[in-house]
Amino acid sequence: MKGTLKLILREMWLLKKTILFIGVILTAFVAALLSVISVLLDVPSGMFRGLDELSNVYTMSVANTTGALQFEGGTQYAAVIDGITRYATLTGKTSSYNTSSHNVQREDDEPLTEAVASLTISGYAVPLACAEVTFAPHLDARPQYNFPEHPGEIAINPSIAKIIGAEIGDTITLSPDMFFHDPENGRDLTKVAPQTYTVVGFVDMSAMNKYNALNPKDYYLPSAHFFFIPEGDPTYSLLYYRFADSRMLYRAYVDMTRSGEVATMGYKVAGQIENITLAQAFFFAVTFVLGILVLFVLYSLIAIFYRQRKGMICRLKLLGARNTTVAGIYCIIAVLLVVVAVVFGALFSMAFNVYFMGLCGRLFKQFSANFVSRFRPIVPTAVFFGLAAFTVLLFFIVNRKVRNAAIAQEVRHE
């Protein structure tokens, strides 16, 4: 053991210039790598903390899905059905009303000069499982302003109800407006069957707008002309979810987009979430490049060891040293260099962190106060074990090139 230790120290002394030169380069790259990994973890966390300070509710819509789709931390609150909530016609006792204004054709194929409806009205289907929670913030003490509680019930704006001749207790039929039938763009309204609902109350849109204006951080249900609870298990053109945590929203959005589904985040955070994705992609790319450079430096180190000390390696093997013993000598030197590089790199990385955090603060000024660099011992530890494993593997691969015939030839030429 003592002999092996002396041999290691002797080889380190003979290779001191190489170790010093490569060590400086390796330390610099390791410091940059550790810093970028830290920023890769800290910047998204800072942006998520900043987003959570801006709002208490984050929303996302998923296209063409049923109520069976669930997300961790996500709660359904409303839905859109093409041909029923939009691109639809409301029919009461006396008349009909289109949800989207448009001109119709006369029998002589000439368009009418006036639109059938001058106002585009909005409506939402609210799944039964979330109806009570969804409507809770907007409950009204007046008995006529009541939200639906059971499937087949609808609440409607009183002005629209008056136009179509609907009162509380009457039924309203929602049917597709074939003017918007467009199968080429995925809107096949011929497959949508009319649905009939019983009016159980009116919707005070002014009160809903006032609540949303006074509670901007808690607002998620937009004011609309009608709300109903659908029967059965329909397929929703858009199903809306709300999240109390921006990170949960981000995870749900990433899961949906990776699976090929169409998901859209609420306007409050969509732009900022895209910034998080952009920042992660950028720093991940930098991490990948720096990782490749660090591995290349280690490869260069082993290659130089092999080229400079090939004669010594051959002598040791002629004297009966096993491959593992010979490889162990130079692997220990390389691993010791990795230890030094990681230790000093972790110290120098703090300086890099200050620069990168300042850069992110200038890029995302709104969240600059939330960018806090944290030292994570697991990061340099993981980098060390990864580099040490790569070093050992690399040297054993190179050492296999040394054969007995090559050993004799190498020694003869010296």
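Anything mentioned here points back to the structure above.
Residues numbered from 1 in each chain as written. Predicted model: local features only at pLDDT ≥ 70, side-chain atom pairs only at ≥ 80, totals over all residues. Heavy atoms only, no water.

**Remarks on the overall build of the protein**
Selection rule: For the purposes of this entry, the term helix denotes a DSSP run of H or I that reaches at least four residues, the term strand denotes a run of E that reaches at least two, and both are numbered from the N terminus. Residue burial is assigned from relative accessible area. The probe radius is 1.4 Å, only protein chains are included, and a residue is buried under 20% of its type maximum, exposed over 50%, and partly exposed in between. By definition, residues are in contact when any of their heavy atoms lie within 4.5 Å. Only the protein chains shown count as cover for residues, with accessible areas throughout obtained via the Shrake-Rupley method and a probe of 1.4 Å.
Across its full length, the protein carries 11 helices and 11 strands. By the burial criterion, 47% of the 414 residues in the protein qualify as buried. Expressed as a percentage of contacts within the protein between residues at least 6 apart in sequence, the contacts between residues at least 24 apart total 80%. In the form shown here, the protein has an accessible surface area of approximately 21,800 Å², with 60% of it arising from carbon and sulfur atoms.

**Digging into a nonpolar patch on the surface**
Worth spelling out the cut-off: For patches, a residue must show more than 30% relative accessible area and have no salt bridge; joins then use 9 Å for like charges and 5 Å for nonpolar side chains, namely Val, Leu, Ile, Met, Phe, Trp and Tyr. Any carboxyl oxygen of Asp or Glu within 4 Å of a side-chain nitrogen of Lys or Arg constitutes a salt bridge here.
Taken together, the side chains of Val 339, Val 340, Val 343, Phe 344, Leu 347, Phe 348, Met 350, Phe 352 and Phe 375 define a hydrophobic patch exposed on the protein surface, amounting to about 820 Å² of accessible area. Its location among the elements puts Phe 348 in helix H9 (residues 323-363).

**A look at the environment of Ala 341**
With respect to the helices, strands and loops of the structure, Ala 341 is situated in helix H9. For Ala 341, a relative accessible area of 1% gives the class buried. Note: C-alpha distance between Ala 341 and Val 30 (311 residues apart in sequence) is 6.7 Å. Leave out the neighbours within four places in its chain, and Ala 341 touches Leu 26, Thr 27 and Val 30.

**Some remarks on the pairing of strand S3 (residues 88-91)**
For clarity, the threshold we go by: Two strands are said to pair when DSSP picks up at least two bridges between them.
Alignment of S3 against strand S7 (residues 171-176), held across 4 bridges, turns out to be antiparallel. Within S7, the position partnered with Ala 88 by the bridge is Pro 176. The turn joining S3 and strand S4 (residues 96-98), which pair antiparallel and follow one another in sequence, is formed by 4 residues.

**Examining the side chain of Asn 157**
Formally: For this analysis, a polar contact is any N or O atom pair within 3.5 Å, provided that within protein one partner can donate a hydrogen and the other can accept it, and provided that sequence-adjacent residues contribute only side-chain to side-chain pairs.
Mapped onto the fold, Asn 157 is located in the loop between strand S6 (153-156) and helix H4 (158-164). When its relative accessible area of 10% is taken as the criterion, Asn 157 is described as buried. Only 2.9 Å separates the side chain of Asn 157 from the backbone nitrogen of Ser 159, close enough to count as a polar contact. In this structure, Asn 157 is in contact with Val 203, Met 205 and His 225, ignoring residues within four places of it in sequence.

**Here's the deal with unusual backbone geometry**
Not every positive phi belongs to a glycine, and Asn 64 is a case in point at roughly 50 degrees. Within the secondary structure layout, Asn 64 lies in strand S1 (residues 58-65). Asn 64 sits in the exposed class, given a relative accessible area of 60%. Of note in this structure, Tyr 87 is not a glycine but carries a positive phi near 55 degrees. For Tyr 87, the location among the structural elements is in the loop between strand S2 (74-80) and S3.

**Notes on the pairing of strand S10 (residues 236-243)**
In summary, the side chains of a regular strand alternate between the two faces of the sheet. The buried count for S10 comes to 8 of 8 residues, which makes it a mostly enclosed element. Across 7 bridges, the pairing between S1 and S10 is antiparallel. Within S10, the residue paired with Ser 61 across the bridge is Tyr 240. Relative to S10, S2 is paired through 6 bridges, and the arrangement is antiparallel. Bridge pairing in S10 links Ala 79 to Leu 239.

**Some details on the pattern of salt bridges**
Oppositely charged side chains are able to pair whenever their charged atoms sit close together. Here the structure, examined in full by the defined rule, presents 5 salt bridges. The partner of Arg 86 in a salt bridge is Asp 82, and the shortest N-O contact between them spans 2.4 Å. Its salt-bridge partner being Asp 188, residue Lys 191 comes within 4.0 Å of it at the nearest N-O pair. For Asp 188, a relative accessible area of 26% gives the class partly exposed. The structure contains a network of salt bridges with shared partners spanning Asp 140, Arg 142 and Asp 204.

**Let's talk about the nonpolar core**
Generally speaking, nonpolar side chains in soluble globular proteins are found buried as a group. Using the following cut-off: As used here, the term nonpolar core means buried Ala, Val, Leu, Ile, Met, Phe, Trp, Tyr and Cys residues forming a set that is joined through side-chain atoms within 4.5 Å.
Ranked by size, the top nonpolar core spans 80 residues in total, and within it Leu 26, Met 60, Leu 90 and Ile 156 carry the most contacts. Ignoring anything within four residues of it in the chain, the contact list for Leu 26 reads Val 294, Val 297, Leu 298, Leu 337, Val 338 and Ala 341. Residues Val 80, Tyr 124, Val 203 and Ala 224 belong to the second largest nonpolar core, which totals 22 residues.

**Some details on the packing of helix H2 (residues 16-54) against helix H6 (residues 246-258)**
What counts, and what does not: Structural elements are reduced to axes, namely lines fitted to C-alpha atoms, with helices fitted over the stretch in contact, and the angle between N-to-C directions of any two is expressed from 0 to 180 degrees. Ten residues, namely Ala, Val, Leu, Ile, Met, Phe, Trp, Tyr, Cys and Pro, are considered nonpolar, four, namely Asp, Glu, Lys and Arg, are considered charged, and the remaining ones, Gly among them, are considered polar.
Relative to each other, H2 and H6 sit at 115 degrees, their axes nearing to 8 Å. Contacts between H2 and H6 pair Ser 45, Phe 48, Leu 51 and Asp 52 from the former with Ser 246, Arg 247 and Tyr 250 from the latter. Taken together, the residues that form the contact of H2 with H6 break down as 3 nonpolar, 2 polar and 2 charged.

**A short note on the packing of aromatic side chains**
For clarity, the threshold we go by: What counts as a ring pair is set by centres within 6.5 Å for rings of Phe, Tyr and Trp (its six-membered ring), and what kind of pair is set by the plane angle: stacked under 30 degrees, edge-to-face over 60, tilted for all other angles. Over a ring means this: the NZ of a Lys or the CZ of an Arg is within 6 Å of the ring centre and within 35 degrees of the ring normal.
Counted by the stated rule, this structure contains 16 aromatic pairs. Between the aromatic rings of Tyr 145 and Phe 202, the centroid separation amounts to 6.4 Å while the plane-to-plane angle is 65 degrees, which identifies the pairing as edge-to-face. Here Tyr 145 is found in the loop between helix H3 (128-135) and S6, whereas its partner Phe 202 is found in strand S8 (residues 195-202), with 57 residues between them in sequence. The same class applies to Tyr 145 and to Phe 202, which are both buried. A centroid spacing of 5.1 Å and a plane angle of 80 degrees characterise the contact between Phe 179 and Phe 180, whose relative ring orientation is edge-to-face. An aromatic cluster is built from Tyr 77, Tyr 124, Phe 135, Phe 147, Tyr 220, Phe 227 and Tyr 240, whose rings are joined through pairwise contacts. When the ring centre of Tyr 220 is taken as reference, the NZ or CZ atom of Arg 242 above it lies at 4.3 Å.

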